[in-house]
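Read off the chains here:
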Amino acid sequence: MEEDQKNAREQEKERKKAEKLKKLEDKKSKKSTTTPVAAREKSNTKATLQKPTYVDATPEGEKKIQGALDNEGLKAYDPTVVEAAHYAWWEKMGFFRPEFGADEKTKPAESFVIIEPPPNVTGLLHMGHALSGTLQDIMIRYNRMRGKTALWVPGCDHAGISTQTVVEKMLWRTEKKTRHDLGREKFLETAMEWKEVYHKKISTTKRRLGLSVDWNREAFTMDAPRREAVSEAFIRLYEDGTIYRANRIVNWDVQLRTAVSNLEVENLELKGRTKLSVPGYERKIDFGVMTYFQYEIDGSDERLEIATTRPETLLGDSGVAVNPNDDRYRHLIGKNARHPFIADRLLPIVADEHVDREFGTGVVKITPAHDQNDFNIGRRHDLQFINIFNDDGTLNSNTGSFQGQKRYEARYNVVAELKAKGLFIKEEDNPMVLKLSERSKDVIEPLMKPQWWMKMRELADKAIEVVKNGEITIFPASEEKKYFRWMEGIDDWCLSRQLWWGHRVPAYYVVMNDNPSAFGSDDSLWVSGRDEVDARKKAEIKFPNRSFTLEQDPDVFDTWFSSGLWPFSTLGWPQQTNDLANFYPTSVLMTAWDILFFWVARMIMLGIKLNGAVPFREVYCHPIIRDTEGRKMSKSLGNVIDPLDVIQGISLDALHEKLKQGNLDPKELQRATKYQKSAFPDGIPQCGTDALRFSLAAYSTGVTDVDFDIKVIFGWRKFCNKIYQAARYVIGSLKTDFVPNSTSTTSGKESLAEKWILHKMTNTAKAMNDALEKREFGRCTTILHQYWLHDLCDTYIEQSKYLLSSGNSSEQRSAQDTLYTALDAALTLTHPFMPFLTEELWQRIPRRQGDSTQTVSLAQYPVYDDSMNDATAEVNYELILDVCRANRSLIAAYPTGAGAQLYCQLYDDSNFAVAEEHLGSIRSLSGKGIGTIDILSKEKEKPVGCIAYNVGSKAAVFLLVQGRMDLDLEISKATMKLNKCNEGFRRSQKLLEDAEFLRKVDEKVVNAERARLADYEADIRSTTDTISQFQHLRLR
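What counts as what
- Residues numbered from 1 in each chain as written.
- Predicted model: local features only at pLDDT ≥ 70, side-chain atom pairs only at ≥ 80, totals over all residues.
- Heavy atoms only, no water.
- Helix = DSSP H or I, 4+ residues; strand = E, 2+ residues; numbered from the N terminus.
- Polar contact = N/O pair within 3.5 Å; in protein donor to acceptor, adjacent residues only side chain to side chain.
- Contact = heavy atoms within 4.5 Å.
- Pairing = 2+ DSSP bridges.
- Axes fitted to C-alpha atoms, helices over the stretch in contact; angles between N-to-C directions.
- Parallel < 35°, antiparallel > 145°, perpendicular 65-115°, else oblique.
- Nonpolar A, V, L, I, M, F, W, Y, C, P; charged D, E, K, R; others polar.
- Buried < 20%, exposed > 50% of the residue type's maximum accessible area, 1.4 Å probe, protein only.
- Salt bridge = Lys/Arg side-chain N within 4 Å of Asp/Glu carboxyl O.

S.K.: Before we go on, may I ask you to explain the side chain of Arg 847 in this structure?
M.R.: Within the element layout of this structure, Arg 847 appears in the loop between α26 (835-842) and α27 (871-893). A polar contact of 3.3 Å, which involves the side chain of Arg 847, links it to the backbone oxygen of Trp 842. A distance of 3.1 Å separates a polar side-chain atom of Arg 847 from the backbone oxygen of Ile 845.

In structure tokens form, the structure reads like this:
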């Protein structure tokens, strides 16, 4: 018997040990397969790459086949599952197409139209596109749900310089060929093939982001309708004199061999001599240097001392200028200086008010063909315009013995020759601003080129007027001020680009057979035409009875010319289409602030000029997403984040591999790889589309740029799970035969908790509509977070458990109706921000009687209902909640064990009545471990042996601790805490009184320290109060 008992004990011991080991293994297994939790917690955010395979059984384009929510794979939020199938169904059903009335006009609720800022086909979309797309989609979904005829036109931009540069790099990397090796026609075919590949990828990403665009109206800036629009615009503007041909100074990009606009030029400030890498040179080149030299006066022994930061341009000098009021040089005006290297070139010395007597030596060398100021002086004094550069930056035949040298090789050689001739004086450091091409990072070379130009002054004045008179509003106001400043100082626009990829200029040069001239040399011989046949007809009228041939201008337009037509070319212009009649002007343009001048201003000017009306009523400028180091995301930096990588998750190795597939040079690749290791040491975790969109909207609190933080985005995935679990609870709480009422109208028999949540719901709807109309997207996310998390999940859902378990059948039905109404409103309110999750859950709840709405994207957006606004219910229920929060705080602070005894004393008769009536609610929301809760009126004595917690001036709650806790131990623990708080307070206070600390550290650090000091103060007050209460109880 004793042996049997021993064996039994051992077997039981082994059984428990086995169970313990199994639990430990299960815990390890669960930890290894669970998606890591989110930000702002001490948690692992390692990318989860191996997930259970989800197979969607829904046929392509059909309504999603949904499994039961109690299935193992559906018990927690999984973006892969939630996002499957919905978009293909939305698209097939045509939910994103605008709905017209029987007369083909917009619906009575009017229209809401957005023309998408077209992303460049140079590569994949980045987080900036995701931000812009999200905000646009929020607005289009919101207005569609409000019953408006909603249209969002998608498209892509051919991005002339960017795409040509990328394709040329790809050609060289893969085939060691240039575009000239291929020829123009074959190169354009190659570029179009590139466009097709990336256009498909861009479209895929847009669909994954849930963007509800009308794909039937998708446009490309170089498709046939847009080609027609560009040709028509040029012809009209050329023939009315707005566009003209002129040989003027342009910003020449030597590396790309094309002109670029002022807006595509970056200014680099130099404090003095600086060595910089320049494309095409092995050694670094000196900039920020002032070179002093002398010109000899013809027929005299005198010399003029001159200073320049560009010695190589001396080869293009055709004059010297002094101020007419400068006594030092008045006697030389009208004489000539001798060029030191070009024997037969004399340089007239002219008097010009532009010359600053105090700058340098007061003498200025004039290079009219290579400096805008010199260009103007050259015109005023009829000086020679001598171009010294070939398009590739080498020196041409006008430079004598320097011909064929690269421009910066010539810089050093010119200085050496000046020294050899005894004309060099000295070099000095010179603070200056160097102009760099934004695209190639090459140093801009000003030079003269015959180009097509657009007169801007009259167009700009009208564009200023429409903003001032309110026809167009620009948000925020700070951007409006920048708009005015730029437009008031606008210059004529150079339209020509020396590229192959783009809209070729529809202008033809007439070459007379009996008197041929060099191509483009006579501006009077140009004609415009939609094609060569049209151009020939115009030439025959312009030059009757003459024999000629036509040569089309090989140049293409600046990309922004075709983009400037985008708001109306996408609606069918120049044809008078139904879309143009119904949807122009459009409603709002949403774009990053940094292209306000590149694009937005030009659309306004061209819209007014060519269409007689503004292109949109509102411009919303959103922030720019920067990387974790605050840098602008750029392909050349390798810090661009693909939204799909955030949606799906990606490993660090896979991120590195994507870098290698780009066009980065080895040094850039090394820096980019290092950045990825620092920013994403464990890769990027799967966040899902809805969390990404919500976080991007939360970022949008103005135009202040935001730094990308994957932890913040992953944190919103937790919020998605909260929504998912709340819906699972509500759906599970509705009976299988539950049919909601035909309307959300209240019965008047709702409990206090129901009145409270309905009050919160209708006021949330009011706040959401207000915030969306004001484009306060960050505020919207705060409102939704408050309603879902605090009002619905933490409060009413918890309260409903009591109502559903303790109420009678009528009360239970009322609680269900309210749960349904509150969830339905929450889903529809949230839909513009989280389209996939809300559709997934909305499809699982029953429709109201008579409601045949197929999708949440077409459901009515909730609006304020005054019948649900109940301020009294809010006040009364907030009292209950305050009491419950106080109860939970006391129990958490002073754990007295199971069966805690609580007392709630109300200082007002009406509040006492409310608390007494809703004692059950107080008990259900006060947490676990409660034995009894007594409601006391103000006349009652305060309970003895208790710790008190004031609920404002309305009430106090008491927890019995005497006899249930070791008071001496608690006093000792609290005293230790108080000592630590005092030490921390003194340390923080000393720092904030240290002037050196305040001077050296960032303002964010100072503010954080001030917040820490305030926390110490609060802890000291509360801990001192706790010690006092314990001491008082010990003395009793």
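What follows picks up the thread again.
S.K.: Please clarify how the environment of Met 512 should be interpreted in this entry.
M.R.: Among the secondary structure elements, Met 512 is positioned in strand β22 (residues 507-512). For the pair formed by Met 512 and Phe 616, sequence separation is 104 residues and the distance between their alpha carbons is 46 Å. Contacts of Met 512, omitting those with residues within four sequence positions, involve Leu 525, Phe 543, Arg 546, Ser 547 and Phe 548.

S.K.: Just to check I follow, could you spell out the sheet that holds strand β31 (residues 930-936) for this structure?
M.R.: Picture the strands of a sheet paired through backbone hydrogen bonds; they go either parallel or antiparallel. On the basis of which strands lie adjacent, the open sheet formed by four strands has the order β31-β30-β33-β32 and mixed pairing. The open sheet has two free edges, formed respectively by β31 and β32 (946-951), since each of these has just one partner strand. Strand after strand, the sheet turns through a mean of 20° between neighbouring axes, direction not considered. Across six bridges, β32 lies against strand β33 (residues 955-960) in antiparallel orientation. What sits directly across from Ile 947, in β33, is Leu 959. Against the sheet, α27 touches β30 (900-906), β31, β32 and β33, its axis set at about 145° to β32. Contacts from helix α28 (residues 909-917) reach β30 and β31, with the element oriented near 150° to β31.

S.K.: Help me out: how do you make sense of the packing of helix α3 (residues 86-93) against α26 in this one?
M.R.: Helix-helix packing is described using two parameters, namely the angle between the two axes and the distance between the axes. The interhelical angle for the contact between α3 and α26, taken along N-to-C directions, is 85°, at an axis separation of 10 Å. The angle between α3 and α26 falls in the class roughly perpendicular. On α26, the residues touching His 86, Tyr 87, Trp 89 and Trp 90 of α3 are Pro 835, Phe 836, Glu 839 and Glu 840. Split into classes, the residues belonging to the contact of α3 with α26 amount to five nonpolar, one polar and two charged.

S.K.: Is there a simple way to think about unusual backbone geometry in this case?
M.R.: With the exception of glycine, most residues fall at negative phi, and the peptide bonds are largely trans. In this structure, the amide linkage connecting Phe 475 to the following residue, Pro 476, adopts the cis form with an omega of -5°. With respect to the helices, strands and loops of the structure, Pro 476 is situated in the loop between β19 (473-475) and α12 (477-488). In this structure, the amide linkage connecting Trp 573 to the following residue, Pro 574, adopts the cis form with an omega of 15°. Locating Pro 574 in the fold gives a position in the loop between α15 (566-569) and α16 (578-583). You will see that Asp 382, though not glycine, has its phi angle at about 55°, which is positive. Examined against the element boundaries, Asp 382 turns out to sit in the loop between α9 (372-380) and α10 (407-420). Classification of Asp 382 by relative accessible area gives exposed; the value is 71%.

S.K.: Explanation requested: the environment of Val 82 in the structure shown.
M.R.: Checked against the element boundaries, Val 82 lands in helix α2 (residues 79-82). What makes Val 82 buried here is its relative accessible area of 2%. Separated by 757 residues in sequence, Val 82 and Glu 839 have C-alpha atoms that sit 8.7 Å apart.

S.K.: Could you clarify how one ought to interpret the pattern of salt bridges in this entry?
M.R.: Pairing between side chains of opposite charge can happen when their charged atoms approach one another. Evaluated as defined, the whole model comprises 70 salt bridges. When the shortest N-O distance is used, the salt bridge between Asp 579 and Arg 217 registers 2.7 Å. A residue pair is termed long-range when its members are at least 10 positions apart, and Asp 579 in helix α16 and Arg 217 in the loop between α7 (184-208) and β4 (219-220) qualify at 362 residues. By relative accessible area, which is 14% here, Asp 579 ends up buried. Within the structure, one salt-bridge network assembled from shared partners comprises Glu 232, Arg 236, Glu 239, Arg 530, Asp 534 and Lys 538.

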